[in-house]
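Residue-level structural notes
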Amino acid sequence: MMRQLKAWNRRRNYWFKDQKLKWALWRWDRPSPGGDIKQIRRILFLRQDNKIGDTLVATLSFRALHQAGLMVDVLTGAAGADILQGNPHVHHIHVFDAGEDLVRMAQSLRGQYDCIIDLGDFIDGQHIRFIRAFEAHHVLGINKPDIALYNLSIDYQGYGQHISRRHQAMLHRLEIDATDFHYDLFIPAAAQQAAVHF
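Owing to the predicted nature of the structure, the values given are computational and were not obtained by experimental measurement.

All right, on to the overall build of the protein then. Across its full length, the protein carries 7 helices and 6 strands. When its helices and strands are written in sequence order, the protein yields α-β-α-β-α-β-α-β-α-β-β-α-α. Projected onto the principal axes, the alpha-carbon positions of the protein cover approximately 65 × 45 × 35 Å. For the protein, the proportion of its 198 residues judged to be buried stands at 42%. Partitioning the contacts of the protein with sequence separation of at least 6, the portion at a separation of at least 24 is 62%. With the model as given, the accessible surface of the protein reaches about 11600 Å², and the carbon-plus-sulfur share is 54%. Separation between the mean location of the 24 positive side-chain charges and that of the 21 negative ones in the protein comes to 10 Å.

Strand order across the open sheet formed by 6 strands is S3-S2-S1-S4-S5-S6, with parallel pairing between neighbours. Looking at strand neighbours, the two that pair on one side only are strand S3 (92-95) and strand S6 (152-154), the edges of this open sheet. The average undirected angle you get between the axes of adjacent strands in this sheet is 20°. Sheet topology places strand S5 (residues 138-142) next to S6; 3 bridges connect them, and they run parallel. Note that in S6 the partner of Gly 141 across the bridge is Ser 153. Packing of helix H6 (residues 164-173) onto the sheet brings it into contact with strand S1 (42-47), strand S4 (115-118), S5 and S6, and relative to S6 it is tilted by some 140°.

Moving on: the pattern of salt bridges. Pairs can form between side chains of opposite charge whenever their charged atoms are close. In total, this model carries 7 salt bridges according to the counting rule given. For the salt bridge of Asp 49 with Arg 47, the shortest nitrogen-to-oxygen distance reads 2.5 Å. Asp 49 sits in the partly exposed class, given a relative accessible area of 37%. The shortest N-O distance in the salt bridge between Asp 121 and Arg 166 comes to 2.9 Å. In this pair, Asp 121 sits in the loop between S4 and helix H5 (125-133) while Arg 166 sits in helix H6, placing the two residues 45 residues apart along the sequence.

The geometry of an aromatic ring pair is captured by two quantities: the separation of the ring centres and the angle between the planes. Taken as a whole, this structure holds 3 aromatic pairs when the rule is applied. Arranged with centres 5.2 Å apart and planes meeting at 65°, the rings of Phe 130 and Phe 134 form a pair that is edge-to-face. Assessed through its relative accessible area of 3%, Phe 130 is described here as buried. Geometrically, the ring pair formed by Tyr 156 and Tyr 159 is edge-to-face, given 5.9 Å between the ring centres and 75° between the ring planes. Since its relative accessible area comes to 46%, Tyr 159 is described here as partly exposed. Here the basic side chain of Arg 42 rests over the ring of Tyr 113, its NZ or CZ set 5.2 Å away from the ring centre. Cation over ring: Lys 144 sits above Tyr 150, and NZ or CZ is 5.2 Å from the ring centre.

As a further point, take the confidence of the model for the protein. Within the protein, residue pLDDT values average 88, and 97% of them lie at 70 or more. Between the elements of the protein, mean pLDDT differs from a low of 73, seen in helix H1 (residues 2-28), to a high of 97, seen in strand S2 (residues 71-76).

Taken together, Met 2, Leu 5 and Trp 8 make up a surface patch of nonpolar side chains, about 350 Å² in accessible area. Among the secondary structure elements, Met 2 is positioned in helix H1. The exposure class assigned to Met 2 is exposed, which follows from its relative accessible area of 56%.

Before going further, it helps to examine the environment of Gln 112. The topology assignment puts Gln 112 in the loop between helix H4 (102-108) and S4. As a C-alpha pair, Gln 112 and Leu 44 span 68 residues in sequence and 8.9 Å in three-dimensional space. Here the side chain of Gln 112 touches Ser 108 through a polar contact of 3.4 Å, landing on its backbone oxygen.

Quick notes on the rules
Residues numbered from 1 in each chain as written. Predicted model: local features only at pLDDT ≥ 70, side-chain atom pairs only at ≥ 80, totals over all residues. Heavy atoms only, no water. Helix = DSSP H or I, 4+ residues; strand = E, 2+ residues; numbered from the N terminus. Buried < 20%, exposed > 50% of the residue type's maximum accessible area, 1.4 Å probe, protein only. Contact = heavy atoms within 4.5 Å. Areas by Shrake-Rupley, 256 points an atom, 1.4 Å probe, with all protein chains shown as cover. Lys, Arg positive; Asp, Glu negative; His and termini not counted. Charge placed at Lys NZ, Arg CZ, Asp CG, Glu CD. Pairing = 2+ DSSP bridges. Axes fitted to C-alpha atoms, helices over the stretch in contact; angles between N-to-C directions. Salt bridge = Lys/Arg side-chain N within 4 Å of Asp/Glu carboxyl O. Phe/Tyr/Trp six-rings, centres within 6.5 Å; stacked < 30°, edge-to-face > 60°. Lys NZ or Arg CZ within 6 Å of the ring centre and 35° of its normal. pLDDT = per-residue confidence, 0-100. Patch = residues over 30% accessible without salt bridge, like charges linked within 9 Å, V, L, I, M, F, W, Y side chains within 5 Å. Polar contact = N/O pair within 3.5 Å; in protein donor to acceptor, adjacent residues only side chain to side chain.

Laid out in structure tokens, this is it:
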């Protein structure tokens, strides 16, 4: 009996989650304006999961985008921001605190970016609202062809491959030639001095 009750509760939770997403799509999912991707100049790269390893891998994209003449800002948490300190390929780091209202943060950045890059898999109603609040001309994502907001959706099936392949697919979608896929970690001089005197 307990097993059946747990199974029913799990199905109910999935149903509610699905209904919330459908409602959010109805409420906030409108096509991004789009336009010529060659006109993209300002990019906001989302790393709101604040994962240190994924942020380090993303530095290959920051470098390639910067070298292509684009201005790259990053939205991340404190741990991700530490990894990016001193990175000359990142123009500005928007740092959020745990529990901070990301929709409100996105609203404060409304209209400032030509393209939002979101390489994550997670999607729910709050995430749709968060992405919509930026009001960017382009939103690039992975495997989101059914979400109108993501006007640049990449068909990506390489889930068994290293995450750097996602970045390569993203650069290809933006028609940016890149052959250097190493990661960057810049250690500020003050941190180096502190380590020497430790």
